[in-house]
Every structure is written in C-alpha cells, then in structure tokens.
Amino acid sequence: MWNAGIAGIGSYAPERVLTNSDLEKMVDTSDEWIRTRTGISERHICDADMATSDMAVKAAAAALEDAGVEAADVDMIIVATVTPDMPFPATACIVQDRLGAGKAAAFDLQAGCSGFIYALTVGSQYIISGAYRNVLVIGADALTKVTDWEDRGTCVLFGDGAGAALLHRVPSGSGLLSFKLGAVGSGADYLKIPAGGSRLPASADTVAERGHFIKMEGNEVYKFAVRIMGEAALMSVEEAGLTTEDIDCLIPHQANIRIIDAAARRLGLPPEKVFINVQRYGNTSAASIPLALKEAVDSGKVGPGSVVVMVGFGAGLTWGAVTLRWKE
Ligand code: UT7
C-alpha cells in the first residue's frame, strides 16, 4: 500500500516590499501598533502588472524542479485562491498552460486562508486512490489587489505570494498521516468581498461603496482563530495516532503572531517547534502555509522524517489541519 506525500516544494514572493513605515504614510497607523498587535514588519506586494497566476507559475515551477518531475507528467493542478486572475476561467487552467502541463486536469479551490490545507487534502485523495501519480497543489493569493488602502483595520495585514507542493506516492506510514477540515458558515459575513458576485454584481454603486474590497470584522475572526487553531491541530495529531510530544514542527497560517502564540500554548509547544515568518510576509492567505513550509525545510526546521503539523483558518469561516511525516 502507498500514501500521498510531498515530493517537492517551491514558493515565490514578489520583490516589492511594503514596510510598516511606508504604511504610516498611507493611513493613520504606526509601526509600533502593527508590530505589537500583529507581529508584522513588512510584506511583499505585487506590482500592477503581476497577477495571482504569475506567482503561482513561479512557485509551481520551483516545486516541480525540487521534485524532479516534468510538467508534462503532472496529472492534476489545484490552485487554492480567493484572488483568481479573473472570476473565470480557473487560475489553475492558466497555470496549466503556462507550465506546459497539458495532460493535467485543472481547477481552483476556494477555502480562504485554509485553501492550501484543503487543496492538499483533496489532491492527496487522488494519489491515495491510485487514480493519479503526480498532483500539483498551489496556494496563491494577491490580497493586496483587493485591499482597501483607506481601511487601516485591514490594509496593514496582508501581503502577496504563492507556494506549491508536488504530491506523489510514498510508502504508507510516511506522507499525509491525517487531516481534519471544517467550516462555520454562520461566520461567512465576518470576512468577505461583498460585491462582484451574483448577489451584488459589479456596478457603479458597488465601486462607489468600495464593495470590491476586503471587509473584515477583525475581532470576530480573531476569536474564532484563537479557538480553532489549537483545537484543529490537536484533532489532526490525535487522528494520526500521535501526541503533541511527537510534533517536530508546527506550521501555522501566518496571520497574526498572537494567534500563532495562542495555538502553540494550547499544544504546549516550545517556540523552537513553531515556524513563524509573518513578520516578513504579513498574511498571504492561501500562500502563507506553503511559504512557511518552504522556509522551514530550507532552514532545517523540517528534515527527514519530521512530524509536521500544518493548520489554518480563514474566510468561510473555514479551518483545516494536516499531520504529515516529511520524506526521509
Ligand atoms: O486569515 C484570516 C484573516 N484575518 C485575520 O487573521 C484577522 C484576525 N484578527 C486580528 O488579527 C486582529 O483582530 C486585528 C489585528 C485585525 C486587530 O487587532 P485587535 O487587537 O483586535 O484590535 P481592535 O480591532 O480591537 O482595535 C483596537 C484599536 C481600535 O481603536 P479604539 O477603538 O480602541 O480607539 C482600532 O480602531 O486599534 C485601532 N486600530 C488601529 N490603530 C492603528 C485598528 N487598526 C489599526 C491600525 N493602526 N492599523
């Protein structure tokens, strides 16, 4: 028997950096407020001519190279995003063409900042069932394209980026050991872009009302995140037949340092077992977990055989956690 595991990973963040002191010149905020309330110092942001697929292609190409797999051998591409290049077609189709992955099925998956965890879980099922050999899972978002730069409650939080993982068969006992996914749809209003869909189609009024930008009830999302992150991670670890003592590295969604600290406390993990890079990227939505995973691997915090727990929450409100054993 076999399981689904990560054969290669890649990530990409735009070159342009926006610092807290840059933001001080744009809205009524301060470096001190942003750092103490969120842990963020700077974030990478797309230039005007860069879209989500541009970042996704770069991350995906790096993941394929890391895995030693040709684009032509990819069976399926899943792009987790809330900022597709356009409402349709799927960004995954654009990525498929640009990569030269002509035989791959391609679709987008929308689960907010939990998108990468959802996509990893979905993609894994095709490997585990034996249907496919190579599944490319990408988390990519350009939230700064839908950020209201006049709203200090949100504009200091977000950044852009992409991360990708190539899934393939690994021996059972390795790879994805467990997953837990969930959603609390009653919280849908807490984090949304209200206009531009079938409920409130784009019009001069929706533009004037700034309805195409992110709206968030930060406190509500915060309370949900603090409760669910530790809980979800714990459920996933237990589902894998492990305990928190077995965790080598926690890779949490990088939204806010206080949320990450709360999750680490709930799990009783020492700081060296928790990977944090929110200070340099801000909240990059579906890209945040794979961006962190890539850096955790590069820095040696995740190594051969490591037990890695990835956990996220986001718009929906969604949540998800996976426990995996890193390749030997
Ligand atoms: O991936 C999921 C995406 N969403 C999230 O992760 C968001 C989760 N929520 C959070 O991270 C936090 O709720 C925030 C960072 C958004 C806000 O932190 P908070 O500690 O909950 O602050 P608050 O909203 O309670 O606001 C406290 C004060 C308010 O002023 P008053 O009413 O006390 O005078 C805000 O107006 O801070 C003010 N404030 C700011 N001040 C300076 C809000 N944003 C800013 C800002 N700069 N950027």
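Computed from a predicted structure; not experimentally measured. (Residues numbered from 1 in each chain as written. Predicted model: local features only at pLDDT ≥ 70, side-chain atom pairs only at ≥ 80, totals over all residues. Heavy atoms only, no water.)

**Student:** Residues and numbers for the site of the ligand, please.
**Tutor:** Around the ligand sit 22 residues in total, of which T29, C113, N219, N256 and N283 are the nearest. In the environment of the ligand, an oxygen atom lies 2.8 Å from a nitrogen or oxygen atom belonging to the side chain of N219. Coverage of the ligand by the protein amounts to 72% of the 950 Å² it exposes when considered alone. Listed by contribution, the elements that provide at least two residues to the shell around the ligand are α2 (31-38), α6 (152-155) and α8 (218-239). (Near = heavy atom within 4 Å. Polar contact = N/O pair within 3.5 Å; in protein donor to acceptor, adjacent residues only side chain to side chain. Areas by Shrake-Rupley, 256 points an atom, 1.4 Å probe, with all protein chains shown as cover. Helix = DSSP H or I, 4+ residues; strand = E, 2+ residues; numbered from the N terminus.)

**Student:** Describe the pairing of strand β7 (residues 160-171), listing the residues and the values that go with them.
**Tutor:** Of all twelve residues that make up β7, nine are buried, and the element is covered over most of its length. In terms of strand pairing, strand β1 (residues 2-12) meets β7 through ten bridges, oriented antiparallel. Paired with G10 across the strands is A164, a residue of β7. Where strand β6 (residues 135-142) lies against β7, eight bridges are found, and the strand directions are antiparallel. (Buried < 20%, exposed > 50% of the residue type's maximum accessible area, 1.4 Å probe, protein only. Pairing = 2+ DSSP bridges.)

**Student:** Can you explain the side chain of D75? Please cite residues and give values.
**Tutor:** With respect to the secondary-structure elements, D75 resides in the loop between α3 (52-67) and β4 (76-80). Within the structure, D75 has its side chain in polar contact with the side chain of K103 (distance 3.4 Å). Within the structure, the side chain of D75 is placed 2.8 Å from the backbone nitrogen of R133, a separation counted as a polar contact. Other than its neighbours up to four places away in sequence, D75 contacts K103, A104, A105, Y132, R133 and N134. (Contact = heavy atoms within 4.5 Å.)

**Student:** Which residues make up empty space enclosed by the protein, and what are the values?
**Tutor:** All told, the structure shown has two cavities of 30 Å³ or more when counted by the stated rule. A volume near 50 Å³ is recorded for the largest cavity. In terms of lining, the largest cavity is formed by G5, I6, V170, S174, G175, L324, R325, W326 and K327. Put simply, the parts of the chain that give the lining of the largest cavity at least two residues each are β1 and β13 (318-325). Around the second largest cavity, the lining residues are A4, G5, I6, L120, S124, L167, L176 and L324. Where the lining of the second largest cavity is concerned, the elements lending two or more residues are β1 and α5 (115-128). Element by element, the count of residues in the lining of the second largest cavity is highest for β1, at three residues. (1 Å grid on protein atoms, 1.4 Å probe; cavity = no way out; pocket = protein on both sides within 12 Å on 5 of 7 lines; lining within 4 Å. Points joined across faces, edges and corners; volume = space filled by probe spheres on them.)

**Student:** Residue-level account of the packing of aromatic side chains, with values.
**Tutor:** Throughout the structure, instances matching the rule amount to one aromatic pair. Taking 5.5 Å as the distance between ring centres and 20° as the angle between the ring planes, the aromatic pair formed by Y126 and Y132 counts as stacked. The ring centre of Y12 lies 5.5 Å from the NZ or CZ of K58, which sits over that ring. Here the basic side chain of R169 rests over the ring of W2, its NZ or CZ set 3.7 Å away from the ring centre. (Phe/Tyr/Trp six-rings, centres within 6.5 Å; stacked < 30°, edge-to-face > 60°. Lys NZ or Arg CZ within 6 Å of the ring centre and 35° of its normal.)

**Student:** Which residues make up the domain arrangement of the protein, and what values do they have?
**Tutor:** Each assigned domain of the protein is listed here: domain 1 (2-173) and domain 2 (177-325). Placing the centre of domain 1 and that of domain 2 at their C-alpha centroids yields a distance of 14 Å. Listed per partner, the contact involves 46 residues of domain 1 and 46 residues of domain 2. The junction of domain 1 with domain 2 conceals about 3,500 Å² of combined surface from both sides, 65% of it contributed by carbon and sulfur atoms. (Domains from an automatic or database assignment. Buried area = accessible area lost by both parts, 1.4 Å probe.)

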